[in-house]
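# Notes for the structure review
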Amino acid sequence: MRELGRLERFLRTDPRDVGCDEAMAVLHIYVDLVAAGEDAAGRYPGVAAHLLACGPCCEDFAGLLLAVTSG
Amino acid sequence: MQPARQPIEDLDEESAAWVCRLGAGGGERQAAERELYARLVRIALAEVRRRSASTPVTGPELDDVAHQAAGDAMLAILAKLGDFRGESRFITWAYRFVILEVSGKLGRHYWRSPPVALDAGQWERLPGRLGIDPARHAEWAGILAEVRRVVDDELTVHQRRVFVAVVVDGIPLDALAAELGLRRNAIYKVIFDARRKIRRALVANGYLDEPGLEQR
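The rules we used
Residues numbered from 1 in each chain as written. Chains lettered and ligands numbered in written order. Predicted model: local features only at pLDDT ≥ 70, side-chain atom pairs only at ≥ 80, totals over all residues. Domains from an automatic or database assignment. Contact = placed C-beta atoms within 7 Å. Nonpolar A, V, L, I, M, F, W, Y, C, P; charged D, E, K, R; others polar. Buried ≥ 20, exposed ≤ 12 C-beta atoms within 10 Å, placed from the backbone. Helix = DSSP H or I, 4+ residues; strand = E, 2+ residues; numbered from the N terminus. Core = buried A, V, L, I, M, F, W, Y, C linked by C-beta atoms within 7 Å. Axes fitted to C-alpha atoms, helices over the stretch in contact; angles between N-to-C directions. Parallel < 35°, antiparallel > 145°, perpendicular 65-115°, else oblique.

Our focus in this paragraph is the domain arrangement of chain B. Residue and element names in this part refer to chain B. Partitioning chain B into structural domains gives domain 1 (8-112) and domain 2 (123-204). For domain 1 and domain 2, the distance between their C-alpha centroids amounts to 34 Å. Listed per partner, the contact involves seven residues of domain 1 and six residues of domain 2. Looking at the side of domain 1 that touches domain 2 residue by residue, the classes come out as three nonpolar, three polar and one charged.

See below:
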């Protein structure tokens, strides 16, 4: 059941997830790594886990990445 | 203790120029401030437009949010210039302020014309939010009833209020944080703990059968 997978993914929590405060504190560093094509998720696995689970922080990540890559 | 800023000669050329110009006096600093502010306004306007589909804020109010965000970000950047440690490019560090200001302001402005009231508890809309085909709601009755039972019986009053607002009623997390006077992180942690509790209950009752990633 496709929907069950969606619910399951929503309910699954990742112990590496650092939370919003920690992720936002290094967002600029993380975004620069991504923009440079470097392994940001490898260097900050807890931030990567958080961005996968937190919609608002993922929006901030997307907005900042767009801002720095759009000139 | 936070690490000290890299020596200015170790910064990339553009970042070093920003730090020098904003740290200078007189006309050079004023010109740098004007240039940075213009960039912040441009980024803020682009960001509110990018987010316009997911906020009830529209039209001129959206532009107002962008200008307010740029102004507040500018003040914060100038006040915290000494905190820039060169771990990223200066402009990335600076743009982070305006992006976060946009988030926070859109959250607060949500309540000027909210599409759903706090504590509405629209459980009948949860299947739609989970993307469940209306023709299959009957198949889902058991699992959704178990989710609701856990929310009603196993969450604290605060956890239940937050979970229902964000997950059931679809209130943006930042809007709820603004309304309750909490930080985004505090709301996120409540949802995080609720997800764990619900998942454990669904596994225990045979609705989900793999342990998944374990809890922190």
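Turning to helix α3 (residues 27-35) of chain A, its buried residues are A:L27, A:H28, A:I29, A:Y30, A:V31 and A:D32. Where the residues of α3(A) are buried, they touch α2 (19-25), α4 (40-43), α5 (45-53) and α6 (55-69) of chain A together with α4 (90-109) of chain B. Phi for A:G37, located one or two positions after α3(A), is positive at around 75 degrees.

What follows is about the nonpolar core. Residues and elements named next belong to chain B. The biggest cluster of nonpolar side chains holds 71 residues, and the ones touching the most others in it are A44, V98, V102, V166, L176, I187 and I191. Broken down by element, the residue count for this core peaks at 10 residues, all from α4. In terms of domain composition, this core takes at least three residues from each of domain 1 (8-112) and domain 2 (123-204). With residues up to four places along the chain from it excluded, the contact list for V102 reads A44, E47, V48, V65, A66 and A69.

On to the interface of chain A and chain B, then. Across the contact, 28 residues belong to chain A and 35 residues belong to chain B. If you list the elements that add at least two residues to the side of chain A that touches chain B, you get α1 (2-11), α2, α3 and α6 of chain A. Among the residues making up the side of chain A that touches chain B, the classes are represented as 14 nonpolar, five polar and nine charged.

With that settled, consider the packing of helix α1 (residues 13-23) of chain B against helix α2 (residues 26-50) of chain B. Residues and elements named next belong to chain B. At their nearest, the axes of α1 and α2 sit 7 Å apart, and the two run at 125 degrees to each other. Put simply, α1 runs oblique to α2. Across the interface between the two elements, W18, R21 and L22 of α1 pack against E28, R29, A32 and E33 of α2. Among the residues making up the contact of α1 with α2, the classes are represented as three nonpolar, no polar and four charged.

Unlike most non-glycine residues, B:D119 shows phi in positive territory, near 70 degrees. For B:D119, the position within the fold is in the loop between α4 and α5 (126-129).

It is worth spelling out the packing of helix α7 (residues 157-168) of chain B against helix α9 (residues 184-204) of chain B at this point. Residues and elements named next belong to chain B. Across the interface, α7 lies against α9 with an axial gap of 9 Å and an inter-helix angle of 95 degrees. In this view, α7 runs roughly perpendicular relative to α9, as classed from their interaxial angle. Here H158, Q159, V162, F163, V166 and V167 of α7 come into contact with α9, specifically with I187, V190, I191, D193 and A194. Of the residues that constitute the contact of α7 with α9, the class distribution is eight nonpolar, two polar and one charged.

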